[in-house]
Amino acid sequence: MPVFHRSFARLLTAGALTLGALLTTSLPVSAAPSPGGDDEEKVVYHINDSTNARPLFNNVRNHLSASPKTKIVVVGHGKGLDFMLKNANDASGNPYIIGIELLTDKGVEFRACRNTLASRNLKDDAVEDLVKVVPSGVAEIGRLQAKEGYVYLKP
């Protein structure tokens, strides 16, 4: 191998090792879960298509069955908040409120995007009473992840 190529290869290797060392040493210690598992599990489910509402309900029920103490927030925006609207039914005519009620009874929170409501000329009271309206669905998802340590899932 010519001297130039060997020198370049060494430089790349040294750079990669340095970058790897910087990345691993600059991570906050709090980012790693504690060995005892005492950290609260927090999950935000993102929904932007209400045709996925029934699978969402199933996923959340299964999640809580496997890990009952998990704090779960469902955030809907765009067409994903349609199932949170008052008197909303699925394609078979079954009301979505039943699924929302069953999950809120287990501590799940539902949040709807005010931007979506406003774009449809709807007020906050257009959503079911168990649903909290937030200024922006996507901003809420980002905030929950960045500021409160929620893990992101999308059904």
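Here, the structure is the one placed above.
All values derive from a computational prediction rather than experimental measurement.

Some words on the sheet that holds strand 5 (residues 151-153)
Strand order in this open sheet of five strands is 4-3-2-1-5, and the pairing throughout is parallel. Because the sheet does not close on itself, it has two edges, and the strands there are strand 4 (131-134) and strand 5. For this sheet, the mean angle separating the axes of adjacent strands, direction not counted, is 30°. Across four bridges, strand 3 (residues 109-113) lies against strand 4 in parallel orientation.

Side note on the side chain of Asp-90
Relative to the helices and strands, Asp-90 is located in the loop between strand 2 (71-79) and helix 3 (97-104). Reaching out from Asp-90, the side chain makes a polar contact with the backbone nitrogen of Ser-92 at a distance of 2.9 Å. Setting aside chain neighbours within four positions, we find Asp-90 in contact with Arg-54 and Tyr-96.

Quick word on the environment of Glu-140
For Glu-140, the position within the fold is in helix 5 (residues 137-148). Leave out the neighbours within four places in its chain, and Glu-140 touches Val-75, Arg-111 and Val-134. Side-chain polar atoms of Glu-140 contact the side chain of Arg-111, separated by 2.4 Å.

What to know about the nonpolar core
Val-60, Val-74, Phe-83 and Phe-110 are the most contacted members of the largest nonpolar core, which has 28 residues in total. If you list the elements that add at least two residues to this core, you get strand 1 (42-49), helix 2 (53-66), strand 2, helix 3, strand 3 and strand 4. The element that contributes the greatest number of residues to this core is helix 2, accounting for five residues. When residues no more than four places from it in sequence are discounted, the contact partners of Phe-83 are Ile-47, Ser-50, Ala-53, Leu-56, Phe-57, Val-74, Ala-88, Tyr-96, Ile-100 and Phe-110. Within the second largest apolar cluster, six residues are counted, among which are Val-44, Val-73, Ile-141 and Leu-144.

Considering the packing of aromatic side chains
Counting across every chain of the model gives four aromatic pairs. Summarising the aromatic geometry, the rings of Phe-57 and Tyr-96 are spaced 6.4 Å apart at their centres and angled 70° between planes, so their arrangement reads as edge-to-face. Of this pair, Phe-57 sits in helix 2 while Tyr-96 sits in the loop between strand 2 and helix 3, and the two are 39 residues apart along the sequence. The burial state of Phe-57 is the same as that of Tyr-96; both residues are buried. Taken together, the ring pairs in this structure connect Phe-57, Phe-83, Tyr-96 and Phe-110 into an aromatic cluster.

Rules used in this analysis
- Residues numbered from 1 in each chain as written.
- Predicted model: local features only at pLDDT ≥ 70, side-chain atom pairs only at ≥ 80, totals over all residues.
- Heavy atoms only, no water.
- Pairing = 2+ DSSP bridges.
- Helix = DSSP H or I, 4+ residues; strand = E, 2+ residues; numbered from the N terminus.
- Axes fitted to C-alpha atoms, helices over the stretch in contact; angles between N-to-C directions.
- Polar contact = N/O pair within 3.5 Å; in protein donor to acceptor, adjacent residues only side chain to side chain.
- Contact = heavy atoms within 4.5 Å.
- Core = buried A, V, L, I, M, F, W, Y, C linked by side-chain atoms within 4.5 Å.
- Buried < 20%, exposed > 50% of the residue type's maximum accessible area, 1.4 Å probe, protein only.
- Phe/Tyr/Trp six-rings, centres within 6.5 Å; stacked < 30°, edge-to-face > 60°.

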